[in-house]
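A closer look at the structure
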Amino acid sequence: MSALNIKKGSTSHSAYNLRDTHSDKIERHTLAVVVENEPGVLARVIGLFSGRGYNIESLTVAEIDHEGHRSRITIVTSGTPHVIDQIEAQLGRIVPVHEVHDLTAAGSAVERELALFKVGGKGDARVEALRLADIFRANVVDSTLESFVFEITGTSDKIDAFAELMRPLGLIDVARTGVAALSRGAYK
Amino acid sequence: MTREMTGAKMVVQALKDQGVEVIFGYPGGAVLPIYDEIFLQNDIRHILVRHEQAAVHAAEGYARSTGKPGVALVTSGPGATNAVTGLTDALMDSIPIIVLTGQVPTFMIGTDAFQEADTIGITRPCTKHNWLVKETDKLSQTIHEAFHVATSGRPGPVVIDIPKDVQFATGRYADRAHHVSRYQPRKKGDPDAIMVLVKMMETAKKPIFYTGGGVINSGPAASELLRELVDATGFPITSTLMGLGAYPASGKHWLGMLGMHGLYEANMSMHDCDLMINIGARFDDRITGRIDAFSPRSRKAHIDIDPSSINKVIRVDVGIVGDVAHVLQDLLDVWKSRGRVTDRKGLSGWWDEIAEWKKIDCLKFKNSGKTIKPQHAVQRLEALTKGRDRYITTEVGQHQMWAAQYLNFEDPNRWMTSGGLGTMGYGFPASVGVQLAHPDALVINVAGEASWLMNMQELGTVAQYRLPVKQFILNNERLGMVRQWQELLHGERYSQSWSEALPDFVKLAEAFGIKGIICKDPADLDDAIMEMINHPGPVVFDCLVEKHENCFPMIPSGKPHNEMLLGEADTQGVIGSQGAVLV
C-alpha cells in the first residue's frame, strides 16, 4: 500500500486499521489487557469504562504470571468501530497496562466461558436436565436427591442456550466466569 | 549504594535528588514526620499556602512557567480531598505535578480513622497515576517513578499516598541514578506518516497550523522548531488558549487564538483551510464548535504524544504519535531534503483571503471615556508591560478571554491559565507558584472579582513570603461569563450571577499589609497600572470596569466556525435549543 493511500481515519498503515472506522454499526469486541499485577489496577480499568461511558459485557481477571507480576483482564465490550479504537487507546495509556490486544479485530479468537448451573427438581424434569447436560457435555459436579450442579464450558452463546433449556426444568442459580480468550495461531 | 533512613527522610532526600527546590504545602497530623524533616534542612524551600487547593495550583503555576515538575505536600483526609480540584486541573491541561499526601497508618486504613479518606480511590480518575506506599523500602523508588511518570509522555499529575507509619519506619533508600522505569512512551513519530504529511504540505493551497499546549509541554526546542517550520513554509498559524506563546504574537504568520472566543481570521481560516496540521492540540469542544461542520473541506493531520487523542473527537487523515519536538525535527528534515516545496501561488491567494478577514478587525470595541472597558484595561496592561520580563496567570471567565485576546505572548511558559477544567480560583495561587520560580519577574494575575475571591486566602501566603504578585482584578460585580450566557440563552434572567456584598478590595489588601489600588476612571488607568508595576511588593488592583460588557467575537455553542458573532449585533435567539444544552 502506498503511503498516500491511507484510509480516512486510520492512524497507521497496518491492515489492522483498514476496517471502516466511520461505521455506526455496534460491534462486539473481545479485548485482552495484560497488566501489572498491582493493587487497584482493575479499578483503573473499570473506572475508565464507567468514567468514559463505555460498555462492559463481560470481564474476567486473573494472574497469569506470578514471577512477572502479570495479570490478564479479558473484556468483552461493544461499540462503534470508532469507540472500540478509543477504548483500546485509552486502555493503552493506563500506566500499569503492558499490552492491549483487540482479539476480535485481529481475527478469530478462541473464546471460552465456564459456568456452574444449579438445577432442582424431581422425576421427569430431573432426568431431562441430566439428558440435556449430557448433550451439552456438561459435567455433574454436585448432586443431591433434589438437585444437580452442572459444570459447563463453551462459548457464551452455548452457555446462554444451556441456561434457556435449564430454566423451565428448575434452574435455581447460575455462576458464570465471563469470557477468557486467546488469539489463534502461533503468536500473541 | 544503599542507605538506611526513615521514610520521612527519604521523602526529602528523594525530592532533593529530583532537583526540587520549592514545594507548596500545608501540614497536618498524617505528614508531621515529613514536616519534621523539612524543618531539619535548608535545601528545599517549603511555601505554606492557606488552602490545599492553592498548593496544587501553585505547583501548577511553578510547573507551567518553568517546564519542571511542581510539588505539593498535603495531609490525609481533607488535605487530600482539597487537592482534588488542582489534580483534575493538572490532568486536563497535562501539567506535571507530584502531590504527596499523608495517610493514616497502614494498620488503621479501612477503619474510618480520624482524617482518613480513600485518597487513592478518590484521586484515581484525576491523576495520571497514583501510588499507596505500604513499605518504607519501596518509598524512594516510588517517588522516583512518580517523577518519571509525571514528566514522561503526556505529562500529568501523580499522587503518592504515604501512611504515617511508613514515614516513621526505616528502610533502604534507592538512588535516583539506579531507577529504571518500564514506562517509556514513544517519542519519535512514524517516518511514513511524517512523509505523508510532508507531501500534503507540498501541495496544500490553504494550509494552517493549529497548535496547542503540547508544543509548550514538549519544551523550548519544540517552540523553536515550530517557529522555524512556520517561517520556512509561510503557512499561517493559530493556537489554542493553552498554546499561546509557542509562536510569537509578533510573528508575521500569526493569526491569533482560535476557538469560541478566538479571532475571526483564525476561525475562518480553520473553517476554509484545505490542510489542517494540528500540533499538540486535542480538538477540544471550545475549538471545534459544531463537530459535523468543523473545517469541512480540509485534510487533517494530528501530531500528539497521546495515541488516544488521535481520532478521539475529529477523524484525521494522518495521525502521528510522538513528541512534538521530535516530530517537528523529522518533519523539517524531510521537508527540507525534498527541496522545501510549497504551493507558493496557492499560499499567496490564501493569505489574500486571510487579509480580507483580518480587515473585519474583530477585536475592536466601543471604548468609553466614562467607564473603563475591560478590553481597554487589558490593552493598557499590555502596552504598559510590553517588553518586560512578564508572566501572566488568569482566573476563569470573560477576563480570561480578554487577556488571551489582548495580551501578546512572545515566548512559551509565560501564560498560565486553566484551560481544560476552567477552574475559577486558579490564577491567584498559580501566580504564587510562578513568582516563586521567577522571583524577579513581573507576575500578573488577570482576574475577575468572583474567581479571585475563590482563593483570596492566599493573600496570607503572598504577605508572608513578600511575593510581589500583581492581582489585576477586572471588577464588573458580575459573574461576567455566566451573565453573558444568561443574556444570550436564558432571556436575560440573571439568576445568581451578580457579586453581592463584595469586599472593599483595597481595605482587604491592607488588612494583610498589602498595597491596594482602586481605579474607576479611564483617565487614571495608565497611572494606576504604572503604580502597580512600580510597587516593589504585592498589589491588589481593583479595576472597576463596565458591568455589562460581553466577550466577543464568539462562536455560539452548536455553531460552526464561520458563524461567529462579532459584537454588539442583536444576539437574541442565535443559539438554538440544541446549542443551549451544550456548555
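Residues numbered from 1 in each chain as written. Chains lettered and ligands numbered in written order. Predicted model: local features only at pLDDT ≥ 70, side-chain atom pairs only at ≥ 80, totals over all residues. Heavy atoms only, no water.

**Side note on the overall build of chain B**
- The secondary structure content of chain B amounts to 24 helices and 20 strands.
- Computed over its C-alpha atoms, the radius of gyration of chain B comes to 24 Å, within 12% of the 25 Å expected for a compact globule of 583 residues.
- Each principal axis of the C-alpha atoms in chain B carries an extent, and together these give about 70 × 60 × 45 Å.
- Pairs at least 24 apart in sequence give 76% of the contacts found in chain B among residues at least 6 apart.
- For chain B, the accessible surface area stands at approximately 21,600 Å², while carbon and sulfur atoms represent 52% of it. (Helix = DSSP H or I, 4+ residues; strand = E, 2+ residues; numbered from the N terminus. Rg over C-alpha atoms; globule rule 2.2 N^0.38 Å. Contact = heavy atoms within 4.5 Å. Areas by Shrake-Rupley, 256 points an atom, 1.4 Å probe, with all protein chains shown as cover.)

**Overview of the sheet that holds strand 3 (residues 45-48) of chain B**
Residue and element names in this part refer to chain B.
- Ordered in space as 3-2-4-5-7-6, the six strands form an open sheet in which the pairing is parallel. Here the strands that pair on one side only, and so sit at the sheet edges, are strand 3 and strand 6 (129-132). Within the sheet, the average angular offset between the axes of one strand and its neighbour, ignoring direction, is 20 degrees.
- By the bridge criterion, seven bridges tie strand 5 (residues 97-103) to strand 7 (residues 157-163) in an arrangement that is parallel. Note that in strand 7 the partner of Gln-103 across the bridge is Pro-163.
- The strands touched by helix 2 (residues 32-39) within the sheet are strand 2 (22-25), strand 3, strand 4 (70-74) and strand 7, with strand 4 carrying the most contacts at an inclination of about 125 degrees. (Pairing = 2+ DSSP bridges. Axes fitted to C-alpha atoms, helices over the stretch in contact; angles between N-to-C directions.)

**Side note on the confidence of the model for chain B**
- Residues at a pLDDT of 70 or more form 98% of chain B, whose mean pLDDT is 96.
- The complex prediction reports pTM at 0.94, with the ipTM value standing at 0.91. (pLDDT = per-residue confidence, 0-100.)

**Here we look at a nonpolar patch on the surface**
Residues and elements named next belong to chain A.
- Together, Leu-114, Leu-116 and Val-141 line one region of the surface with nonpolar side chains, adding up to about 210 Å² of accessible area.
- Structurally, Leu-114 is set in strand 5 (residues 109-120).
- On the basis of relative accessibility, which here comes to 31%, the residue Leu-114 falls in the partly exposed class. (Patch = residues over 30% accessible without salt bridge, like charges linked within 9 Å, V, L, I, M, F, W, Y side chains within 5 Å. Salt bridge = Lys/Arg side-chain N within 4 Å of Asp/Glu carboxyl O. Buried < 20%, exposed > 50% of the residue type's maximum accessible area, 1.4 Å probe, protein only.)

**Quick word on the pairing of strand 4 of chain B**
Residue and element names in this part refer to chain B.
- Of all the five residues making up strand 4, five are buried; the element is thus mostly covered by neighbouring parts of the structure.
- Burial along strand 4 is two-sided: the face carrying Gly-70, Ala-72 and Val-74 and the face carrying Val-71 and Leu-73 are both buried.
- Bridge analysis of strand 2 against strand 4 gives two bridges, and the strand direction is parallel. Its bridge partner being in strand 4, Phe-24 is matched across the sheet by Ala-72.
- In this sheet, strand 5 lies alongside strand 4 in parallel orientation, the contact comprising five bridges. From the neighbouring strand, Val-74 faces strand 5, where its bridge partner is Thr-101.

**Comments concerning the packing of helix 9 (residues 191-203) of chain B against helix 14 (residues 324-337) of chain B**
Residues and elements named next belong to chain B.
- For the pair helix 9 and helix 14, the least separation of the axes is 10 Å and the interaxial angle reads 55 degrees. Classified by the angle their axes make, helix 9 and helix 14 are oblique. Taken as a pair, helix 9 and helix 14 cross one another with a handedness that is right-handed. Contact residues: Ile-194, Met-195, Leu-197, Val-198, Met-201 and Glu-202 in helix 9; Val-327, Asp-330, Leu-331, Val-334 and Trp-335 in helix 14.
- For the contact of helix 9 with helix 14, the class distribution of residues is nine nonpolar, no polar and two charged. (Parallel < 35°, antiparallel > 145°, perpendicular 65-115°, else oblique. Left-handed = near helix turned anticlockwise from the far one by under 90°. Nonpolar A, V, L, I, M, F, W, Y, C, P; charged D, E, K, R; others polar.)

**Focus: unusual backbone geometry**
Residue and element names in this part refer to chain B.
- Along the chain, Phe-552 connects to Pro-553 via a cis peptide bond; the corresponding omega equals -10 degrees.
- With respect to the helices and strands, Pro-553 occurs in the loop between strand 20 (539-544) and helix 24 (577-580).
- Phi is positive for Asp-112, which is not a glycine, with a value near 55 degrees.
- Checked against the element boundaries, Asp-112 lands in the loop between strand 5 and helix 6 (119-123).
- On the basis of relative accessibility, which here comes to 71%, the residue Asp-112 falls in the exposed class.

**Details of the pattern of salt bridges**
- What the rule picks out here adds up to 38 salt bridges over all chains.
- Between Arg-131 of chain A and Glu-128 of chain A there is a salt bridge, with its nearest N and O atoms 3.2 Å apart. Pair noted here: Arg-131 of chain A and Glu-128 of chain A are both in helix 3 (residues 123-135), with a separation of three residues, about one helical turn.
- The salt bridge involving Asp-389 of chain B is made with Arg-414 of chain B; its shortest N-O contact spans 2.6 Å.

**A look at the interface of chain A and chain B**
- Taken residue by residue, the interface counts 24 residues in chain A and 23 residues in chain B.
- Counting each side, the surface lost to burial between chain A and chain B is near 2,100 Å², with a carbon and sulfur contribution of 50%.
- Together, Arg-44, His-82 and Val-95 of chain A form the three largest contributors to the area buried by chain A at its contact with chain B, with a combined 29%.
- Across the contact surface, chain A and chain B share one salt bridge.
- The partner of Asp-306 of chain B in a salt bridge is Arg-93 of chain A, with the nearest N and O atoms 2.6 Å apart. (Buried area = accessible area lost by both parts, 1.4 Å probe.)

**Quick look at the environment of Ile-305 of chain B**
- The residue Ile-305 of chain B is located in the loop between strand 13 (299-304) and strand 14 (318-321) in this model.
- The spatial distance from the C-alpha of Ile-305 of chain B to the C-alpha of Asp-284 of chain B is 16 Å, given a sequence separation of 21 residues.

**A short note on the domain arrangement of chain A**
All names here are of chain A.
- Entries for chain A in the domain assignment read domain 1 (21-102) and domain 2 (109-183).
- Each of domain 1 and domain 2 has a C-alpha centre, and these two points are 28 Å apart.
- Across the boundary between the two partners, domain 1 contributes eight residues, which contact eight residues of domain 2.
- For the pair domain 1 and domain 2, the summed buried area comes to about 530 Å², and 43% of that belongs to carbon and sulfur atoms. (Domains from an automatic or database assignment.)

**Comments concerning the packing of aromatic side chains**
All names here are of chain A.
- Enumeration over the complete set of coordinates arrives at 16 aromatic pairs over all chains.
- Pairing Phe-150 with Phe-162 gives two aromatic rings, centres 6.0 Å apart and planes at 80 degrees, and the pair type is edge-to-face. Remark: Phe-162 occurs in helix 4 (residues 156-166) and Phe-150 occurs in strand 7 (residues 147-154); sequence separation between them is twelve residues.
- Since its relative accessible area comes to 0%, Phe-162 is described here as buried.
- What links up through ring pairs into an aromatic cluster is the set Phe-117, Phe-136, Phe-148, Phe-150 and Phe-162. (Phe/Tyr/Trp six-rings, centres within 6.5 Å; stacked < 30°, edge-to-face > 60°.)

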